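Below are the chains, spelled out letter by letter.
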Amino acid sequence: MKRYLIFTDLDGTLLNHENYSYGNNNKIITSITNNQHDLIFNTSKTFSESINLLKKLNLTNMPFSTENGALLYFPKNRFKKIRNSSDHGKYWKIRIAKLSSKNWHQFLIKKQKKFKLLIAQDLPPKILKKYTNLDNTSKMLKREASQIILWEDSLVNLKKFKNELRSEKQGVLIQGSRFMQVSSVCNKRIAKKLISHAYDYQFYGTYSKNTIALGDSKNDIDMLNSASYPCLIKNPSGPFPKLRSNKKNIIKSSKFAPDGWSQVLYKLNNMLESKIF
């Protein structure tokens, strides 16, 4: 039986958008891993945020991607050293995004003279709590290769900002559900592709080439389009992410996260010959 690689977004997909609860999804996750399939976080969250959740869900032996694909982590207890990786405790780390969060902070401070934008790192905890519902935002701000911002300027100026970001720093702006991320070139599709290649190289023939991906937002579109089975979670803030018109095997939830996450996986499980749980 071929095993599946299941890539998942977190906020608004696996976790409730407002209170970050994973509900009863931990039970399905246990069934998935007991059935020898791998669940891989592909998230805008930081390493500190992700590792905390990985421990709670007993997934520390899985690779994962953080900051919208800026960084990849592979557990040493399962993966041999990967090319271009560095040592990061119990993980091998690959950095995709070139510039550091410090570089981006300096860049954004200069741009604040020209554009109306707020840098999350510089906001007081009270303001951040208003946007995130988090009592403690220290893990969220512990960024290595990006900065997150709130845009308070016009759409015309947003276009100008994007052009300057690209021309001056070869940077990209990634729209999330709460913040915009500023970083060097990276995305969840690239992260998914590189993680899949690492599996293929180290566990050749063990895992199916037909990948599964779950997401709810614009920053998940590239990842979802690259999956054999894209699963879309209903988003309280807007419509489903718009995938390619010829995309097949799309599964949509009628429920919000966390229940929508389990709902699409039950639907998918009924479609597959090799069951995931």
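So, how was this worked out
- Residues numbered from 1 in each chain as written.
- Predicted model: local features only at pLDDT ≥ 70, side-chain atom pairs only at ≥ 80, totals over all residues.
- Heavy atoms only, no water.
- 1 Å grid on protein atoms, 1.4 Å probe; cavity = no way out; pocket = protein on both sides within 12 Å on 5 of 7 lines; lining within 4 Å.
- Points joined across faces, edges and corners; volume = space filled by probe spheres on them.
- Helix = DSSP H or I, 4+ residues; strand = E, 2+ residues; numbered from the N terminus.
- Nonpolar A, V, L, I, M, F, W, Y, C, P; charged D, E, K, R; others polar.
- Axes fitted to C-alpha atoms, helices over the stretch in contact; angles between N-to-C directions.
- Left-handed = near helix turned anticlockwise from the far one by under 90°.
- Contact = heavy atoms within 4.5 Å.
- Core = buried A, V, L, I, M, F, W, Y, C linked by side-chain atoms within 4.5 Å.
- Buried < 20%, exposed > 50% of the residue type's maximum accessible area, 1.4 Å probe, protein only.
- Parallel < 35°, antiparallel > 145°, perpendicular 65-115°, else oblique.

Trainee: Please provide a residue-by-residue account of the layout of surface pockets, values included.
Mentor: Estimates place the volume of the largest pocket at around 330 Å³. In this structure, the largest pocket is lined by 13 residues; those nearest its centre are Lys45, Glu49, Asn52, Lys56 and Leu134. Of all elements in the fold, only helix H2 (47-56) and helix H5 (138-141) reach the threshold of two or more residues within the lining of the largest pocket. With four residues, H2 is the largest single contributor of residues to the lining of the largest pocket. Taken together, the residues of the lining of the largest pocket sort by class into six nonpolar, three polar and four charged.

Trainee: Give a detailed account of the packing of helix H1 (residues 25-34) against helix H9 (residues 259-271), specifying residues and quantitative values.
Mentor: Viewed as axis vectors pointing N to C, H1 and H9 meet at an angle of 35 degrees, and their least axial separation amounts to 9 Å. Classified by chirality, the crossing of H9 by H1 is left-handed. Contact residues: H1 offers Asn25, Ile28, Ile29 and Ile32, while H9 offers Trp261, Ser262, Leu265 and Tyr266. Partitioning the contact of H1 with H9 into residue classes produces six nonpolar, two polar and no charged.

Trainee: Residue-level account of the nonpolar core, with values.
Mentor: Counting residues in each nonpolar core, the largest one holds 39 residues, and the members touching the most others are Phe41, Ile212, Leu214, Trp261 and Leu268. Only H1, strand E2 (38-42), H2, strand E4 (71-75), strand E11 (212-215), strand E12 (229-234) and H9 provide two or more residues apiece to this core. Not counting chain neighbours up to four residues away, the residues in contact with Trp261 comprise Thr8, Thr13, Leu14, Asn25, Ile28, Ile29, Ile32, Leu39, Leu214 and Ile233.

Trainee: Describe the packing of helix H3 (residues 101-111) against helix H6 (residues 155-169), with residues and values.
Mentor: Packed helix pairs are characterised by how far apart their axes lie and by the angle those axes make with each other. As a packed pair, H3 and H6 sit with axes 12 Å apart at the nearest point and diverge in direction by 135 degrees. One way to sum up the angle between H3 and H6 is to call them oblique. Relative to H6, H3 is oriented so that their crossing is right-handed. Facing Trp104, Phe107, Leu108 and Lys111 of H3, the residues of H6 in contact are Phe161, Glu164, Leu165, Glu168 and Lys169. Tallied by class, the residues present in the contact of H3 with H6 amount to five nonpolar, no polar and four charged.

Trainee: Outline empty space enclosed by the protein, supporting the account with residue identities and numerical values.
Mentor: One pass over the full model with this rule turns up one cavity of 30 Å³ or more. Considered as a void within the structure, the largest cavity measures approximately 320 Å³ in volume. Around the largest cavity, the lining is made up of 23 residues, and of these Asp11, Ser44, Ser177, Arg178 and Phe179 lie nearest the centre. Looking at the lining of the largest cavity, its residues break down into seven nonpolar, nine polar and seven charged.

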